[in-house]
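This is what each chain is made of:
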Amino acid sequence: MLSFLYDNERRALMSIGYACLTVGVPNTSQKSCMLKNASEENLSKIIEWNLNSLENIIDYNIKNDIKLFRISSDLIPFGSSTANALPWWDIYRNDFLRLSEKIKNSGMRISMHPGQYTVLNSPSEEVVSRAIEDLNYHAKVLDSLCKGAQHKIILHIGGIYKDKEQAIDRFIKNYERLDSRVKRRLVVENDDRSYNISDVLEIGGILNIPVIFDDLHHQINPPYSKRDEVYWIGECRKTWKEEDGKQKIHYSQQNPNKRIGSHSESIRINEFMDFFNRLDTKVLDIMLEVKDKNLSALKCINCTSGAKNIKVLEEEWSRYKYSILESSPANYLAIRKLLINKKEYPAIAFYNLVELALDEKIIPGNSINAAQHVWGYFKDVATEREKAVFLKSIDEFREGKTSITTIKNKLFKMAITYNREYLINSYYFVL
DNA sequence: CACCGTCAAGTCGCA
DNA sequence: TGCGACTTGACGGTG
């Protein structure tokens, strides 16, 4: 079947992924601690917890065919600080080995991205040496998980300090101080205030390292030269060598209710498809930066990987269902109707309706209706006491004495207790 | 158990 | 020169 070939071919070309955390995936939370609590005992507990969460994330990615993922810099608390003297790569060697097998066998591409506080071009030697230590830490995590140089560390250039030329020179000079294990993975990215894509291409060109194009940063902080994103993505492509793997870009959308640069709650699919269709090649990986994480990754994957079986959308529907019922009973019915014909694959239409529904203002009566539907999964097994508690909380919600979140949390606990997998995977508890 | 101030990192604008 | 704002998600103390 042609669509099958197309599907596989397209998938081999492009991976779409998400960063650091998941939404609605059980047992994937991260822990951290404050400096004053960074005892060896406490740190060990947290690292163990975080590695277990990471394994669950990787399992989830494999199960859902998500082949691009950014690991949180907080995986090891104070990983680049003397506050954490644990040889964690050694202590948890077996865990890292198991994880690296899973990553390798699934063909997943991993990355890491030190935040805005890792500044290689600072005039302060203290700050620079901490940045170098931090990059060493990131390389150590990646080396423990994946061998190839296609698994990248993404870094911003840093500050300006009232003299951009000198600041760039300092970046270039300090780059040379980096360990080869960092250098082979290091790529640089444009930011939303100081270094635009033209600046970063210049720096990447001098250092002969790949450049990541970040679309939202580019919209906020474009170079003087007026060229469109497709042009700049093409320029960045030239910086990616064979051993670096596929070109990688960052994509996010503005949150209309927050300050410039804030990431949107979800990827608006029409806007994304417009961008996707304008790309002059599909041979690149797209890292999404968005609040709803894996949810948007699945959305974009399902809308760009050619025709799939409608089962994919039915699975998504099973997870979105009760959120949609809560926010928009009308769209709930519209989506059911859309998915009746099992020979079609109306992915974009489906996500359009989901977005429309979730944008609606929630009416308390609809919240109660959805909660009662979810309660239906327990009505045969719940104890009298559980039933009384539920009915009472619905009454309290009606009177404004409790929040729907509290009710949802109780329902989620019951989903765990009675092992209702269908509900445990539902976005109802997180959207 | 829900809520909200605090933490951790470095830069930059403004007194 | 020094202080507050900025960012992000989890902690940790309060009610």
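Residues numbered from 1 in each chain as written. Chains lettered and ligands numbered in written order. Predicted model: local features only at pLDDT ≥ 70, side-chain atom pairs only at ≥ 80, totals over all residues. Heavy atoms only, no water.

A.B. asks: It is not clear to me how the overall build of chain A should be interpreted in this structure. Could you clarify?
C.D. replies: Helix and strand content of chain A: 19 helices and eight strands. Radius of gyration (C-alpha) of chain A: 23 Å, near the 22 Å computed for a compact globule of 431 residues. Counting only C-alpha atoms and orienting by the principal axes, one finds that chain A spans roughly 70 × 55 × 45 Å. Classification of the 431 residues of chain A by burial places 52% in the buried group. Contacts in chain A between residues far apart in sequence, at least 24 positions, make up 75% of those at least 6 positions apart. Counting 61 positive and 57 negative side-chain charges, chain A places the averaged centre of each group 4 Å from the other. (Helix = DSSP H or I, 4+ residues; strand = E, 2+ residues; numbered from the N terminus. Rg over C-alpha atoms; globule rule 2.2 N^0.38 Å. Buried < 20%, exposed > 50% of the residue type's maximum accessible area, 1.4 Å probe, protein only. Contact = heavy atoms within 4.5 Å. Lys, Arg positive; Asp, Glu negative; His and termini not counted. Charge placed at Lys NZ, Arg CZ, Asp CG, Glu CD.)

A.B. asks: Whenever I open this one, the nonpolar core confuses me. Can you help?
C.D. replies: Ranked by internal contacts, the top residues of the largest apolar core, which has 121 residues, are Phe 272, Leu 288, Phe 378 and Leu 411. Sorting elements by how many residues they give to this core places helix α5 (residues 125-145) first, with nine residues. Contact partners of Leu 411, with chain neighbours within four places excluded, come to Ala 371, Val 374, Trp 375, Phe 378, Phe 390, Tyr 428 and Phe 429. (Core = buried A, V, L, I, M, F, W, Y, C linked by side-chain atoms within 4.5 Å.)

A.B. asks: So what exactly am I meant to see when it comes to the environment of Lys 291 here?
C.D. replies: Examined against the element boundaries, Lys 291 turns out to sit in the loop between β8 (285-288) and α12 (294-304). The exposure class of Lys 291 is partly exposed, given its relative accessible area of 49%. In the structure, Lys 291 is positioned 268 residues away from Val 23 in sequence and 8.6 Å away in space, judged by C-alpha atoms. Apart from residues no more than four positions distant in its own chain, Lys 291 is found in contact with Val 23, His 263, Ser 264 and Glu 265.

A.B. asks: Can you walk me through the pairing of strand β6 (residues 211-214) in this structure?
C.D. replies: Consecutive side chains along a regular strand alternate between the two faces of the sheet. Of the two faces of β6, the one carrying Val 211 and Phe 213 and the one carrying Ile 212 and Asp 214 are both buried. As defined by bridge partners, strand β5 (residues 186-189) adjoins β6 across two bridges and the pair is classed as parallel. Each residue of the ladder has a partner; that of Glu 189, found in β6, is Ile 212. Pairing of β6 with strand β7 (residues 248-251), which is carried by two bridges, proceeds in the parallel orientation. Paired with Asp 214 across the bridge in β7 is His 250. (Pairing = 2+ DSSP bridges.)

A.B. asks: Just to check I follow, could you spell out helix α15 (residues 347-359) for this structure?
C.D. replies: Since the α-helix advances by 3.6 residues per turn, residues separated by three or four positions end up pointing in the same direction. When the terminal C-alpha atoms of α15 are compared, their 18 Å separation across 13 residues agrees well with the 18 Å that a helix rising 1.5 Å per residue should span. Within α15 the residues assigned to the buried category are Ala 347, Phe 350, Tyr 351, Leu 353, Val 354, Glu 355 and Ala 357. Packing partners of the buried residues in α15 comprise α11 (269-278), α12, α13 (311-327) and α14 (329-338). (Expected span 1.5 Å × (residues − 1).)

A.B. asks: I tried to follow the protein's contact with DNA strand C on my own but got confused; where do I start?
C.D. replies: In the region of DNA strand C, the neighbouring residues are Leu 21, Gln 30, Lys 31, Ser 32, Met 34, Asn 37, Gln 116, Tyr 117, Arg 259 and Lys 291. In DNA strand C, atoms within 4 Å of the protein come from the sugar-phosphate backbone in 88% of cases. Between DNA strand C and Tyr 117, the relevant distance is 3.1 Å, taken from a base oxygen to a side-chain nitrogen or oxygen of the residue. Within the side chain of Lys 291, a nitrogen or oxygen atom sits 3.1 Å from a phosphate oxygen of DNA strand C. (Near = heavy atom within 4 Å. Polar contact = N/O pair within 3.5 Å; in protein donor to acceptor, adjacent residues only side chain to side chain.)

A.B. asks: Would you mind going over a nonpolar patch on the surface with me for this structure?
C.D. replies: Taken together, the side chains of Leu 358, Val 430 and Leu 431 make up a nonpolar region of the molecular surface, amounting to roughly 220 Å² of accessible area. Judged by its relative accessible area of 41%, Val 430 falls in the partly exposed class. (Patch = residues over 30% accessible without salt bridge, like charges linked within 9 Å, V, L, I, M, F, W, Y side chains within 5 Å. Areas by Shrake-Rupley, 256 points an atom, 1.4 Å probe, with all protein chains shown as cover. Salt bridge = Lys/Arg side-chain N within 4 Å of Asp/Glu carboxyl O.)

A.B. asks: It is not clear to me how the pattern of salt bridges should be interpreted in this structure. Could you clarify?
C.D. replies: Any two side chains of opposite charge can pair, given that their charged atoms come close. According to the stated counting rule, one finds 32 salt bridges in the structure shown. In this structure, the salt-bridge partner of Glu 55 is Lys 102, at a minimum N-O distance of 2.8 Å. With a gap of 47 residues between them, Glu 55 in helix α2 (residues 40-63) and Lys 102 in helix α4 (residues 93-106) connect regions that are remote in the sequence. Between Arg 181 and Asp 179 there is a salt bridge whose closest N-O contact spans 3.1 Å.

A.B. asks: What's the story with the packing of aromatic side chains in this structure? I'm lost.
C.D. replies: The description of two aromatic rings rests on the distance between their centres and on the angle between their planes. Considering all chains together, one arrives at 18 aromatic pairs under this definition. Ring geometry for Tyr 428 versus Phe 429: centroids 5.2 Å apart, planes at 75 degrees, classification edge-to-face. Taken as a pair, Tyr 428 and Phe 429 share a single burial class, namely buried. (Phe/Tyr/Trp six-rings, centres within 6.5 Å; stacked < 30°, edge-to-face > 60°.)

A.B. asks: Sorry, what's going on with the protein's contact with DNA strand B here?
C.D. replies: Not every one of the 14 residues close to DNA strand B is listed here, only the nearest: Tyr 117, Arg 130, Ile 160, Tyr 161 and Arg 193. Looking at DNA strand B alone, sugar and phosphate atoms form 71% of those within 4 Å of the protein. In this structure, a phosphate oxygen belonging to DNA strand B sits 3.2 Å away from a side-chain N or O atom of Ser 122. One of the backbone N or O atoms of Ile 160 is found 2.9 Å from a phosphate oxygen in DNA strand B.

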